[in-house]
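Spelled out, the chains give:
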Amino acid sequence: MNNETNQENNLDPFGRDNERSSFSGRLGYVLAVAESAVGLGNIWRFPYLAAKYGGGIFLLVYLILMLTFGYVLIVSETTLGRMTRKSPVGAFGKFGKSLPFKIGGWINAIIPMLIIPYYSVIGGWVFKYLFEYLRGSTEALADDNYFTSFITTGASVEVWFLLFSLVVLLIIVAGVEHGIEKVSKMMMPILVILAIIVSIYSVTRPGALEGVKYFLIPNFNNFSWMTVVAAMGQMFYSLSIAMGILYTYGSYMKKEVDIEKSTSQIEIFDTAIAFLAGLMIIPAVFSFFNGDPEKLQAGPSLMFITLPKVFASMGMGRIIGIVFFLLVLLAALTSAISLAESCVSTIEDQLGWKRNIASVVIGIIIVILGSFSALGFGMLDFVQILGMSILDFFDFLTNSLMMPIAALSTCILIVYVIGIDKIVEEVEQSSKFKRKGLYKFFIKYLAPVCILVILVSSLASVFGLIKF
Ligand code: PFF
């Protein structure tokens, strides 16, 4: 860290830690966050949610939420991280020691611990598909029932899940994430190019145009409250909001980096990848299944059923399948590494445990919780929590319940404890805060109201009080 920054640190009213290392500049910061943000959420989760919850109307609601609500939350978390130089538990702790501050900090920190187990299960599915493409099973993978019979045979899912988790943990323990990051940064442009090629192929299939229309043109008849609830959960998930990650990344950000500009760039990049994934998958569903509503509702399995069909029909299906699943695997790995890293550093910082021990603890959590999710479609399929499979339940618990609470705690901290003007001041250390008016209004009024509406709706729908 240079002298100038150290000097700034000394001036900081929040007593920042001089020894904290930092990103080299805006580009370094944007790339690092994009690395963590672009993952299974964009390629696997976004298309199936868009297909399930209304197509164009989902896309529209997602974009509006991202540009307003998401924007405000990213700026808030990043600024709090930069201001306090701490990850969430420490950041909340700087402003108070009482229970509400502890809860606010810990809820942000615990969410990644609940996400990473089931994230690794899906990572395992991707691993398996890559392996099968390498083995030349292109036709078999394109079979309608392949995916279902795979996830219902417990042992195989468990093995691939464990393999994925092992790779993540080995990388964390060996501390070689930088190597992986370099590889995946090179891979990112390839992923984009491949996504463009596959999208073009997908949208030009016979009957695919209906799918393009379904995905792009909002149809208000498809709107339901669930569209908003799902879009908001997805926004949190995809942009890594309300999981402590942005606090942590913000804490490594230099004072001169423009928070607004970097937030916009991260949002554009993350959304562009999700949008391309939607274009790859949704028109293909229309083409291969004649827009069958049941297939559109397929949920988590959509990517694993539709894309293999597209690839098999492309001629060079095996090569494309290998490259595609390799890239998705890398995107999933870099995201999982940053999830695991955030869990490990919370344990190190807050409990004072050594890195290796913290990694083992996280490993145990991943194996136990992940195994439940992995087996939830097979031998544990009789376990239904609130009508959901175990994996879906963890997804719902984190995205629809815990993340809104975490986001609400950030809003309350800013509005009622720190003061919005302090946040504005911190943002303006690097440049003029152009959307200051929007920010102030949103953080105070709209964000809390949106969050409460979503929370109440999620709870009511789960307990069958309202039907969407
Ligand atoms: N944003 C990632 C995705 O869309 O796949 C998921 C994620 C990764 C969330 C890393 C949080 C995180 F720390």
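This structure is a prediction, so every number in the text was calculated from the model and none was measured.

Cut-offs and rules
Residues numbered from 1 in each chain as written. Predicted model: local features only at pLDDT ≥ 70, side-chain atom pairs only at ≥ 80, totals over all residues. Heavy atoms only, no water. Near = heavy atom within 4 Å. Polar contact = N/O pair within 3.5 Å; in protein donor to acceptor, adjacent residues only side chain to side chain. Areas by Shrake-Rupley, 256 points an atom, 1.4 Å probe, with all protein chains shown as cover. 1 Å grid on protein atoms, 1.4 Å probe; cavity = no way out; pocket = protein on both sides within 12 Å on 5 of 7 lines; lining within 4 Å. Sits in = over half its atoms within 2 Å of the grid points. Helix = DSSP H or I, 4+ residues; strand = E, 2+ residues; numbered from the N terminus. Nonpolar A, V, L, I, M, F, W, Y, C, P; charged D, E, K, R; others polar. Contact = heavy atoms within 4.5 Å. Points joined across faces, edges and corners; volume = space filled by probe spheres on them. Axes fitted to C-alpha atoms, helices over the stretch in contact; angles between N-to-C directions. Parallel < 35°, antiparallel > 145°, perpendicular 65-115°, else oblique. Phe/Tyr/Trp six-rings, centres within 6.5 Å; stacked < 30°, edge-to-face > 60°. Buried < 20%, exposed > 50% of the residue type's maximum accessible area, 1.4 Å probe, protein only. Lys NZ or Arg CZ within 6 Å of the ring centre and 35° of its normal. pLDDT = per-residue confidence, 0-100. Expected span 1.5 Å × (residues − 1). Bend = angle between axes of the 7 residues up to and from the residue. Core = buried A, V, L, I, M, F, W, Y, C linked by side-chain atoms within 4.5 Å. Salt bridge = Lys/Arg side-chain N within 4 Å of Asp/Glu carboxyl O.

Undergrad: Mind showing me how you'd approach the site of the ligand here?
TA: Near the ligand, the surroundings consist of 15 residues, among which Ala37, Gly41, Tyr119, Tyr237 and Ile245 are the closest. Between the ligand and Leu40 there is a distance of 3.1 Å, counted from an oxygen atom to a backbone nitrogen or oxygen. In isolation the ligand exposes 330 Å². Once the protein is present, 100% of that is buried. Here the ligand is seated within the largest cavity. When contributions to the shell around the ligand are tallied by element, the ones reaching two or more residues are helix H2 (26–37), helix H3 (40–52), helix H12 (225–238) and helix H17 (317–351). Per-class residue counts for the shell around the ligand are 7 nonpolar, 8 polar and no charged.

Undergrad: I would appreciate a short explanation of the side chain of Thr84 in the present structure.
TA: Here Thr84 is to be found in helix H4 (residues 56–84). Of note is the side chain of Thr84, whose polar atom sits 2.7 Å from the backbone oxygen of Leu80. Aside from chain neighbours lying at most four places away, what touches Thr84 is Ala91, Lys94 and Phe95.

Undergrad: Honestly, empty space enclosed by the protein in this entry has me stumped. Any pointers?
TA: Which parts of space are left empty comes out when a probe the size of a water molecule is rolled across the atoms. Taken as a whole and assessed by the stated rule, the structure comprises 4 cavities of 30 Å³ or more. There is about 130 Å³ of room inside the largest cavity. Around the largest cavity sit 15 residues that line it, and Ser36, Tyr119, Tyr237, Ser240 and Leu339 are the ones nearest its centre. At 3 residues, the largest contribution of residues to the lining of the largest cavity is made by H17. Its residues placed into classes, the lining of the largest cavity shows 8 nonpolar, 7 polar and no charged.

Undergrad: What should I look at first to understand the packing of H12 against helix H19 (residues 390–418) in this one?
TA: If you want to describe how two helices pack, look at the angle between their axes and the distance between the axes. Relative to each other, H12 and H19 sit at 75 degrees, their axes nearing to 9 Å. With respect to H19, the axis of H12 lies roughly perpendicular. Note on element contacts: H19 touches H12 through Asp395, Asn399, Ser400, Met403, Pro404 and Ala407, opposite Val229, Met232, Gly233, Phe236 and Tyr237. Looking at side-chain class alone, the contact of H12 with H19 contains 7 nonpolar, 3 polar and 1 charged residues.

Undergrad: Mind showing me how you'd approach the packing of aromatic side chains here?
TA: Aromatic ring pairs are reported here in terms of the distance separating the ring centres and the angle at which the planes meet. Within this structure, the stated rule accounts for 29 aromatic pairs. With 5.2 Å between their ring centres and 80 degrees between their planes, Trp125 and Phe147 make a pair best called edge-to-face. Placement of Trp125 in helix H6 (residues 99–135) and of Phe147 in helix H8 (residues 146–152) is noted, with a sequence separation of 22 residues between them. For Phe147, a relative accessible area of 2% corresponds to the buried category. Taken together, the aromatic side chains of Trp125, Tyr129, Tyr133, Tyr146, Phe147, Phe304, Phe311, Phe324, Phe325 and Phe377 make up a single cluster linked through ring pairs. Here the basic side chain of Arg205 rests over the ring of Tyr201, its NZ or CZ set 3.8 Å away from the ring centre. Sitting over the ring of Tyr71, Arg435 keeps its end group 4.1 Å from the ring centre.

Undergrad: Could you clarify how one ought to interpret the side chain of Ser199 in this entry?
TA: Within the secondary structure, Ser199 is located in helix H10 (residues 177–203). By relative accessible area, Ser199 is classed as buried at 4%. When sequence neighbours within four positions are dropped, the list of residues in contact with Ser199 reads Leu276, Leu279 and Met280.

Undergrad: Before we go on, may I ask you to explain the confidence of the model for the protein chain in this structure?
TA: Where the model shows low pLDDT, its predicted coordinates should not be examined in detail. A residue-level look at the protein chain finds 92% of positions with pLDDT of 70 or above and a mean pLDDT of 86. Counting interchain partners and residues more than four positions distant, the pLDDT-below-50 stretch residues 1–18 has 29 contacts.

Undergrad: Sorry if this is basic, but what is going on with the environment of Met253 here?
TA: Topologically, Met253 is positioned in the loop between helix H13 (245–251) and helix H14 (259–289). Separated by 113 residues in sequence, Met253 and Ala140 place their C-alpha atoms 48 Å apart.

Undergrad: For this particular structure, what's the right way to read H6?
TA: Quick reminder: α-helices carry 3.6 residues per turn. Residues three or four places apart thus point the same way. Between its first and last C-alpha, H6 extends 54 Å over 37 residues, near the 54 Å set by a 1.5 Å rise per residue. The sharpest bend along H6 comes to roughly 30 degrees, located at Ile116, with the proline Pro117 sitting one to four residues further on.

Undergrad: Would you mind going over the nonpolar core with me for this structure?
TA: Soluble, globular proteins show a tendency: their nonpolar side chains are buried together. Counting 167 residues, the largest nonpolar core has Trp125, Met235, Phe236, Met303, Phe304 and Phe325 as the members making the most contacts within it. Not counting chain neighbours up to four residues away, the residues in contact with Met235 comprise Tyr62, Leu65, Met66, Phe69, Gly70 and Ile241.

Undergrad: Before we go on, may I ask you to explain unusual backbone geometry in this structure?
TA: At Arg85, a residue that is not glycine, the phi angle is positive and equals roughly 55 degrees. With respect to the element layout, Arg85 can be found in the loop between H4 and helix H5 (88–93). Residues other than glycine seldom take positive phi values, yet Ala242 does so here, at roughly 60 degrees. Assignment of secondary structure puts Ala242 in the loop between H12 and H13.

Undergrad: I tried to follow helix H18 (residues 355–375) on my own but got confused; where do I start?
TA: The end-to-end C-alpha distance of H18, which contains 21 residues, comes to 30 Å, matching closely the 30 Å that a straight helix rising 1.5 Å per residue would cover. Of the positions making up H18, those classed as buried are Ala358, Ser359, Ile362, Gly363, Ile366, Gly370, Ser371, Ser373, Ala374 and Leu375. For H18, the elements touching its buried residues are H6, H8, helix H9 (154–174), H17 and H19.

Undergrad: I keep staring at the pattern of salt bridges and nothing clicks. Help me out?
TA: When their charged atoms lie close together, side chains carrying opposite charge are able to pair. In this structure the tally under the stated criterion is 12 salt bridges. Measuring nitrogen to oxygen at the nearest pair gives 3.9 Å for the salt bridge that ties Arg435 to Glu260. One end of the pair, Arg435, is in the loop between helix H20 (420–427) and helix H21 (436–462); the other, Glu260, is in helix H14, and 175 residues separate them in sequence. Of the charged contacts in the structure, one is a salt bridge between Asp421 and Lys440, with a shortest N-O distance of 3.3 Å. With a gap of 19 residues between them, Asp421 in helix H20 and Lys440 in helix H21 connect regions that are remote in the sequence. Among the ionic contacts, a cluster of salt bridges with common partners joins Arg82, Lys255 and Glu426.

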